[in-house]
Amino acid sequence: MRAFAAQARAEVWMTLRNGESLLLALGIPVLLLTFFATVDVLPAPDGTEHPVDFLAPGILALAVMSTGLVSLAIATGFQRGYGVLKRLGTTPLSRPGLLAAKIVAVLVVELVQVAVLVPVAAGLGWRPSGAMASALAAVLLGTVAFSGLGLLMAGALKPELTLALANGLYLVLLLLGGMLVPLASLPGVLRTLAKVLPAAALSDALRASLGDGLAVPGRAWVVLLAWAVAAPVAAAATFRWE
Amino acid sequence: MAALSVDDLVVRYGPRVAVDGISFAVEPGTVLALLGPNGAGKTTTVETLEGYRRPSSGTVRVLGLDPVADRAAVVPRIGVMLQQGGVYPTMPAGAVLRLFASYYPHPVAPDDLLDRLDLQAVARTPWRRLSGGEQQRLSLALALVGRPEVAFLDEPSAGMDPAARRVLGAVIRGLRSDGVTILLTTHDIEEAEKLADAVVIVDGGRVVAAGTPDDLMRSGGGDEIRFGGPPGLDAAALAAAVGGAVAEDRPGEYVVSLAATPSNLARLTARLAEQDVAVADIRAGRQRLEDVFLRLTARPSAAEGERSSRRRRRGVG
């Protein structure tokens, strides 16, 4: 327990001390949110009063994705490359213990992100309403799905490749994830593809929970849950420690 | 019961045989040095004992336990120093050591270890900014912070300056007197000679010699006299003068096939004096461990070993 707590603290410290991951966790989401909420260039779906009502849940989904998918993948990939994971293999810190510490670190960073992004969005006129419980459930499922994808890359690929692929996926999922651009604005094939990806499922679920007061579409739950099961299982099956 | 035992260990990586039937045991509270050229199978053997690899055949035991199957019981009782890396690059030395201390039930106080290993001055320096020798000493500290009963030190002196080597020597002797069992791999023959209770020399995945440093240095050394001098001496003329065959083993390293008796030595030195040969050293009767090592792991025999193991593999496959 002491080992786990110390490891979780160390993981949080390393994430928050790392300039790139701070930029990714806070800088980019705050920038995108502020820019597109004030400069009215993106297509907002019909019935949205103010761009921020559409953007804020999408940016929260982006924040979850950047921490679970990108930061976790890159950090873990390089730790594997540096032999840190191998070295930990001969200490009493168990692998489940290490994994749990990483999950706690992701959740703590997400709390920091929420604590920054929600006030910024509120300052831009966002008034979140509604179903906190279902928003929380969506964030947890999204965290598991994205962390699983991050660890899937980190455990199987060279760190440099993980870095490139995580950043590429981040961009693709940002554009196809209903975070800035509504899915309805995408052409048919892309829209169909986007609907089965975890990014759009998470932003749809958050937008329904926090914004328009509608029930989260069943499709979003199914897609989120499927990724939250498949990605960690695939990661566990393929992860190489050295 | 031996603290460590390796019994007919074979480890294959795909078609390559890295370890080809190695056996040895380490008694509790002793230091064993595993000596051998690059690619001899030292690291593979150590990593099998550490539980990183499974034997292809044969068995290894650490404190009587299987390091893979009984991992949870083994890891709190061992300390591991990897050959390189293995540390969070951005984390300061002191923080890494405190983190590792938190993994163990009864750790050494991190500050004491930093003092002992002369790392207090760099306690706030991130790992990646440490010098090679400082990284080695921190790796050693990480191996020792959990009060291990068995310490595995893979090339511990690599990259260390002479002062750091003395610190390392003192630490190893201190551990030994505390009853810690130590397995170290090294290229540094002098280090093995000074620190080890027993030496196992491996080459081509097999044990080529084993014993105490004294045993090894005495063995086979009685019937030759060795001396160092300028390369290219006339070996035939010298042989005729002293009455025994003379061979230039390596440039500037001569072996005279004569029993190491005072009269033979006198004849040799008289002849060398006549010729006014600048002699670097003369060794008779008792070889240095380096001579034993070089004789046993000389390239031709290593190549021969590889050929024969390839033959064996074909036989097996």
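Computed from a prediction, not measured in an experiment: that's the story for all the values here.

**Concerning the overall build of chain B**
So, point 1. Counting its regular elements, chain B contains 12 helices and 13 strands.
So, point 2. Taken over the C-alpha atoms alone, chain B extends approximately 70 × 55 × 35 Å along its principal axes.
So, point 3. Classification of the 317 residues of chain B by burial places 42% in the buried group.
So, point 4. A separation threshold of at least 6 residues defines the contact pool for chain B, and within that pool the share at least 24 residues apart is 70%.

**Some thoughts on the domain arrangement of chain B**
So, point 1. Here chain B is described as being made up of domain 1 (4-217) and domain 2 (222-285).
So, point 2. The centre of domain 1 of chain B, based on its C-alpha atoms, is set 40 Å off from the matching centre of domain 2 of chain B.

**Digging into the sheet that holds strand S5 (residues 78-81) of chain B**
Residue and element names in this part refer to chain B.
So, point 1. The six strands lie next to each other as S5-S6-S7-S3-S8-S9, forming an open sheet whose pairing is mixed. Edge positions in the sheet fall to S5 and strand S9 (206-211), since each has one partner strand and no second. Across the sheet, the mean angle from the axis of one strand to that of its neighbour is 15°, orientation sign disregarded.
So, point 2. With four bridges joining them, S5 and strand S6 (residues 150-154) adopt parallel strand pairing. Residue pairing in the sheet places Ile78 in a bridge with Val150 of S6.
So, point 3. Where helix H6 (residues 162-177) meets the sheet, its contacts fall on strand S3 (31-35), S6 and strand S7 (181-186), and the angle it forms with S7 comes to roughly 150°.

**Here's the deal with the nonpolar core**
So, point 1. Leu224 of chain A together with Val96 of chain B are the most contacted members of the largest nonpolar core, which has 153 residues in total.
So, point 2. The biggest single contributor to this core is helix H3 (residues 51-81) of chain A, with 17 residues.
So, point 3. Ignoring any residue separated from it by four or fewer positions in sequence, one finds Leu224 of chain A in contact with Ala138, Leu141, Gly142, Ala145, Pro198, Ala201, Leu202 and Ala205 of chain A.
So, point 4. In terms of nonpolar packing, the next biggest core, distinct from the first, is built from 11 residues, Tyr254, Val256, Leu258 and Leu268 of chain B among them.

**Looking at the packing of helix H1 (residues 2-17) of chain A against helix H3 (residues 93-103) of chain B**
So, point 1. As a packed pair, H1 of chain A and H3 of chain B sit with axes 7 Å apart at the nearest point and diverge in direction by 155°. Overall, the two elements H1 of chain A and H3 of chain B adopt an arrangement that is roughly antiparallel. Considering only the axes of H1 of chain A and H3 of chain B, their crossing is left-handed. Residues Arg2, Ala3, Ala6 and Ala10 of chain A of H1 of chain A touch H3 of chain B, and the partners they reach there are Leu99, Ser102 and Tyr103 of chain B.
So, point 2. Broken down by class, the residue content of the contact of H1 of chain A with H3 of chain B amounts to five nonpolar, one polar and one charged.

**Some thoughts on the interface of chain A and chain B**
So, point 1. Opposite the 16 residues of chain A that make contact, chain B presents 20 residues.
So, point 2. A per-element tally of the side of chain A that touches chain B places H1 of chain A first, with six residues.
So, point 3. Looking at side-chain class alone, the side of chain A that touches chain B contains eight nonpolar, four polar and four charged residues.

**Examining the sheet that holds strand S4 (residues 57-62) of chain B**
Residue and element names in this part refer to chain B.
So, point 1. One open sheet holds the three strands; their spatial order is S2-S1-S4, and the pairing between them is antiparallel. Each end of this open sheet is capped by a strand with a single partner; those strands are strand S2 (16-26) and S4. On average, each strand axis in the sheet is tilted by 25° relative to the strand beside it, whichever way the strands run.
So, point 2. Across the sheet, helix H1 (residues 42-49) is in contact with strand S1 (4-13), S2 and S4; its angle to S1 comes to roughly 115°.

**Let's talk about helix H10 (residues 218-238) of chain A**
Residue and element names in this part refer to chain A.
So, point 1. Here H10 spans 30 Å end to end across 21 residues, near enough to the 30 Å set by a 1.5 Å rise per residue.
So, point 2. Among the residues of H10, those classed as buried are Ala220, Val223, Leu224, Trp227, Ala228, Ala231 and Ala235. Buried residues of H10, viewed axially, fall in a sector of 135°; they line one side. Along H10, the residues that are exposed and aim more than 90 degrees away from the buried face are Gly218, Val222, Val233 and Ala237.

Conventions we followed
- Residues numbered from 1 in each chain as written.
- Chains lettered and ligands numbered in written order.
- Predicted model: local features only at pLDDT ≥ 70, side-chain atom pairs only at ≥ 80, totals over all residues.
- Helix = DSSP H or I, 4+ residues; strand = E, 2+ residues; numbered from the N terminus.
- Buried ≥ 20, exposed ≤ 12 C-beta atoms within 10 Å, placed from the backbone.
- Contact = placed C-beta atoms within 7 Å.
- Domains from an automatic or database assignment.
- Pairing = 2+ DSSP bridges.
- Axes fitted to C-alpha atoms, helices over the stretch in contact; angles between N-to-C directions.
- Core = buried A, V, L, I, M, F, W, Y, C linked by C-beta atoms within 7 Å.
- Parallel < 35°, antiparallel > 145°, perpendicular 65-115°, else oblique.
- Left-handed = near helix turned anticlockwise from the far one by under 90°.
- Nonpolar A, V, L, I, M, F, W, Y, C, P; charged D, E, K, R; others polar.
- Expected span 1.5 Å × (residues − 1).
- Arc of directions from axis to C-beta.

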